[in-house]
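These are the residues of each chain, in order.
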Amino acid sequence: MTETDSPELPLTVDDRLAAEAFVIDVDGYEGPLDMLLSMARTQKVDLRKISILDLSRQYLAFVEEAKTLRLELAADYLVMAAWLAFLKSRLLLPPDPTEEGPSGEDLAAHLAFQLERLQAMRDCAAKLMARDQKGRDFFVRGIPEHMERVRKVKYTATLIDLMQGYARIRTKDEFRPFVMDREKVFTMEMALDRMRGMIGFSGQWTDIISYLPEGWDDDPVKWRSATAATFAASLELVKEGKAEIQQSETFAPIQLRRREIPRE
Amino acid sequence: MSDTVHEPKTDSLFDAPPMGEQERMVEAILFASADPVSVKELNDRMPHGCDAAEALVHLRKRYEGRGVHVVKVGDAWAIRTAADLGFLMQRETVETRKLSRAAIETLAIISYHQPVTRAEIEEIRGVGVSRGTIDQLLEMEWIRFGRRRMTPGRPVTFVVTQEFLDHFGLESARDLPGLAELRAAGLLESRPLSSGMPQMGDGDIDAEEETDEGQSELFED
Amino acid sequence: MSDTVHEPKTDSLFDAPPMGEQERMVEAILFASADPVSVKELNDRMPHGCDAAEALVHLRKRYEGRGVHVVKVGDAWAIRTAADLGFLMQRETVETRKLSRAAIETLAIISYHQPVTRAEIEEIRGVGVSRGTIDQLLEMEWIRFGRRRMTPGRPVTFVVTQEFLDHFGLESARDLPGLAELRAAGLLESRPLSSGMPQMGDGDIDAEEETDEGQSELFED
């Protein structure tokens, strides 16, 4: 911070100190309204009796000065300056009856209201922060006891549950209400289950009829169901790549054997 | 859920415990909790037929002038040390993050004008409110989102929380210092001017309705 | 540090606060501290000339019979919930669940065959009965121990309780429908088992339940 290193700005030390002060001040303001408010305070009157005209002049003078000092002003400040210039002209010129919108006095009154409200909020903020605060002036319980959540499970059953349970045991079978009697149906799932266990031992071509479960070959209805299921299951095994299937001619026996897993 | 609170006592299968016992129960529950406990929760935790609200009246009186007080925080209650004994508690003092001037002012505006939109805060302060300021207050749980304003754009509003009341030792937002005077002076009204004034926020303040909703819906839920 | 405790009061430059004030101070400190506080620490924190030990005597008396007590923890002091109000610190949530299949079947066997030993239950079910299942039914007070069977080993028997009868709306266990009635009601299938029929999954269930000792059996889903 030497004093002679800026030849393009022929300013005195005082000028530059003042300029720096402006920069700092603008930074310190929370926007143009805040700046107006602190300017208004220097008028040392009730905010309601403040001279908006004086305030506008003061603000515009500040902005002019900032310009000559080549200070960068935030857009907000310039917008406010433009508006205050407009307000100033309205306040100074006689009212134009053809003009729409609020009068200069309305606008000035509104600005005064805004300044007063901002000041009021500032005072409130100060009062709020001056209150006794938790953790600073008063304190909460140091050893709070955490509420324990006790989860209690109540088990229940109905008489039907009980009887169904008993029925299940006495029939040694899954209790299945409202299920069609499928005594004579051999499902593909059953066939698949059966064949999966057997296919591994079948290196030779074997007639699929030999896979039929015991006791399913005498009753024609059961035989048909079992044969169809076994055939479908055979195809499924082939599809899964676990078996190979062949038939030499129409109506010839269908033969199945394990598929050797090719080495990779 | 909520109807359990005002259940007539005649419904009770058993007699409620005597009021002295109820007072003890409220005392134990409030002592055990660092956070305020609502009357509803007190009633829920106490045996059927208890009247926590009445027990609270007795308990509060009992602790008058003592080292700890029974305080009301919104619709909940808590026990807090007496403020005049704060000097004994350096050990318990929590270093709170220093709030910026912007944050303090924003907080004051929200508490006095709630529910209030961001645009309204900006109009009052005459400067944009940074996201960080709002975020900080939300994070401290001193403010929360209120109902959306039924105006174009349906902007969100901000209101203060129970934690705010607790922190500043307020029974309700109506007890904010100087609130009545400010209202009488018309300083809590939203008074937008139809044209001219530069707008600092989103610029839709003009569109906001002019009704003074301030303080009318302090406790939304 | 330690010599401050027994410092004679006459050394004090200022008069110590009145005992009532000292009691308030102890109250506030004990309330706000995260740990129990020793008499020495109380004296250190309180203004010069205070007698925390005496204040504690008063405070302790004041909290006698209240919802919280001043208690000694080691050589330090703390405020604690009165033991008889501990129940307030718990919130009970009751969840209703269906009894597991194993429990229902065991219960069914006991109700139809009582008095019945565990070995007999297992024989009828064809599956081992876990201790957990029996314990659960005992705990629910739906079954209880009957007389010991006068056979080698004198095994205990199980019978159903009045509680069980009440729950199922039965006057006595003899009112339970018999096999024929179960069949007539469509609860029993009359189809005889075909020996050639693959028993889907039957073997699996046995193996599964037998290894399934204890708690896991209680929760079917």
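Given the structure is predicted, the values throughout are model-derived calculations rather than measurements.

A. How the structure looks around the overall build of chain B. Broken down by element type, chain B carries eight helices and six strands. Each helix and strand of chain B, ordered N terminal to C terminal, gives the series α-β-α-α-β-β-α-β-α-α-β-β-α-α. Of the contacts formed within chain B by residues at least 6 apart in sequence, a portion of 60% connects residues at least 24 apart. Of the accessible surface of chain B, which amounts to about 10200 Å², a share of 51% is contributed by carbon and sulfur atoms.

B. A look at the confidence of the model for chain A. Residues and elements named next belong to chain A. Here chain A averages 77 in pLDDT, while 82% of its residues score no lower than 70. Confidence over residues 1–9 falls short of pLDDT 50; this stretch has four contacts with residues more than four positions distant or in other chains. pLDDT under 50 marks residues 173–180. Its contacts with residues more than four places away, or in other chains, come to 13 contacts.

C. Seen up close, the pattern of salt bridges. Overall, the coordinates contain 38 salt bridges over all chains when judged by the stated rule. Put simply, C:Asp44 and C:Lys40 hold a salt bridge, and the shortest N to O gap is 2.5 Å. Of this pair, C:Asp44 and C:Lys40 both sit in helix 2 (residues 39–45), four residues apart, which is roughly one turn of the helix. Each member of the salt-bridge network shares a partner with another, and the members are A:Asp34, A:Arg122, B:Arg101, B:Glu105 and B:Arg125.

D. Fine view of the packing of aromatic side chains. Counted according to the given criterion, the structure contains 13 aromatic pairs over all chains. Where A:Tyr166 meets C:Tyr112, the ring centres are 3.8 Å apart and the plane angle is 5°; that geometry is what we call stacked. In this pair, A:Tyr166 sits in helix 6 (residues 159–171) while C:Tyr112 sits in helix 4 (residues 101–113), so the two residues belong to two different chains. On the accessibility criterion, A:Tyr166 (5% relative accessible area) is buried. When the centroid spacing of 5.1 Å and the interplanar angle of 50° are considered together, the rings of B:Phe164 and B:Phe168 count as tilted. As far as burial versus exposure is concerned, B:Phe164 and B:Phe168 are alike and both buried. One aromatic cluster in this structure is built from B:Phe31, B:Tyr63, C:Phe31 and C:Tyr63.

E. Structural detail: the environment of B:Pro115. Position of B:Pro115 among the secondary structure elements: in the loop between helix 4 (101–113) and strand 4 (116–117). Note: C-alpha distance between B:Pro115 and B:Val156 (41 residues apart in sequence) is 9.1 Å.

F. Focus on the sheet that holds strand 6 (residues 143–145) of chain C. Residues and elements named next belong to chain C. Read from one edge of the open sheet, three strands run 5-7-6, paired in antiparallel fashion. Looking along the sheet, the strands with just one partner apiece sit at the ends: strand 5 (116–117) and strand 6. Pairing between strand 5 and strand 7 (residues 157–160): two bridges, direction antiparallel. The residue bridging Thr117 from the neighbouring strand is Thr157, located in strand 7. In this fold helix 4 packs onto strand 5, strand 6 and strand 7, with an angle of close to 90° to the strand it touches most, strand 7.

G. Geometry of the packing of helix 3 (residues 52–68) of chain A against helix 4 (residues 75–92) of chain A. Residues and elements named next belong to chain A. Packing of helix 3 against helix 4 leaves a shortest axis separation of 9 Å and a crossing angle of 140°. For the element pair helix 3 / helix 4, the angle class is oblique. You can see that helix 3 and helix 4 cross each other, and the crossing is left-handed. Counting all contacts with helix 3, which are made through Ile52, Leu53, Ser56, Arg57, Tyr59, Leu60 and Val63, the residues of helix 4 involved are Tyr77, Leu78, Met80, Ala81, Leu84, Ala85, Leu87, Lys88, Leu91 and Leu92.

H. Fine view of the interface of chain A and chain B. Taken together, the contacts link 42 residues of chain A with 57 residues of chain B. In this assembly, chain A and chain B are joined by five salt bridges. Measuring nitrogen to oxygen at the nearest pair gives 2.9 Å for the salt bridge that ties B:Arg101 to A:Asp34. Our enumeration of links across chain A and chain B arrives at 12 residue pairs in polar contact (both at pLDDT 80 or more). Top contributing element to the side of chain A that touches chain B by residue count: helix 5 (residues 104–129) of chain A, with 17 residues. Class assignment for the residues of the side of chain A that touches chain B results in 21 nonpolar, six polar and 15 charged.

I. A look at helix 6 (residues 131–139) of chain B. Residues and elements named next belong to chain B. Along helix 6, the residues classified as buried are Thr133, Ile134, Gln136 and Leu137. Buried positions in helix 6, seen along its axis, are confined to an arc of 160° and lie on one side of it. Contact partners of the buried residues in helix 6: helix 4, helix 5 (118–125), strand 5 (143–145) and strand 6 (157–160). Backbone geometry just after helix 6 places Glu141 at a positive phi near 60°.

J. Molecular detail of unusual backbone geometry. Residue B:Pro115 is reached from B:Gln114 by a cis peptide bond, and omega for that bond is -5°. Despite not being glycine, A:Phe251 shows a phi value in the positive range, around 65°. We note that C:Arg154 has phi near 40°; this positive angle belongs to a residue other than glycine. Residue position: C:Arg154 is located in the loop between strand 6 and strand 7. Taking the relative accessible area as the measure of exposure, C:Arg154 reaches 43% and is therefore partly exposed.

K. Structural context of the packing of helix 4 of chain B against helix 6 of chain B. All names here are of chain B. Where helix 4 contacts helix 6, the two axes come as close as 10 Å, and the packing angle between them is 65°. Along this stretch, helix 4 crosses helix 6, giving a crossing that reads as right-handed. Residues Ala102, Ala103, Thr106 and Leu107 of helix 4 form the contact with helix 6, whose own contacting residues are Thr133, Ile134, Gln136 and Leu137. A breakdown of the residues in the contact of helix 4 with helix 6 according to their chemical character gives five nonpolar, three polar and no charged.

Calculation criteria
Residues numbered from 1 in each chain as written. Chains lettered and ligands numbered in written order. Predicted model: local features only at pLDDT ≥ 70, side-chain atom pairs only at ≥ 80, totals over all residues. Heavy atoms only, no water. Helix = DSSP H or I, 4+ residues; strand = E, 2+ residues; numbered from the N terminus. Contact = heavy atoms within 4.5 Å. Areas by Shrake-Rupley, 256 points an atom, 1.4 Å probe, with all protein chains shown as cover. pLDDT = per-residue confidence, 0-100. Salt bridge = Lys/Arg side-chain N within 4 Å of Asp/Glu carboxyl O. Phe/Tyr/Trp six-rings, centres within 6.5 Å; stacked < 30°, edge-to-face > 60°. Buried < 20%, exposed > 50% of the residue type's maximum accessible area, 1.4 Å probe, protein only. Pairing = 2+ DSSP bridges. Axes fitted to C-alpha atoms, helices over the stretch in contact; angles between N-to-C directions. Parallel < 35°, antiparallel > 145°, perpendicular 65-115°, else oblique. Left-handed = near helix turned anticlockwise from the far one by under 90°. Polar contact = N/O pair within 3.5 Å; in protein donor to acceptor, adjacent residues only side chain to side chain. Nonpolar A, V, L, I, M, F, W, Y, C, P; charged D, E, K, R; others polar. Arc of directions from axis to C-beta.

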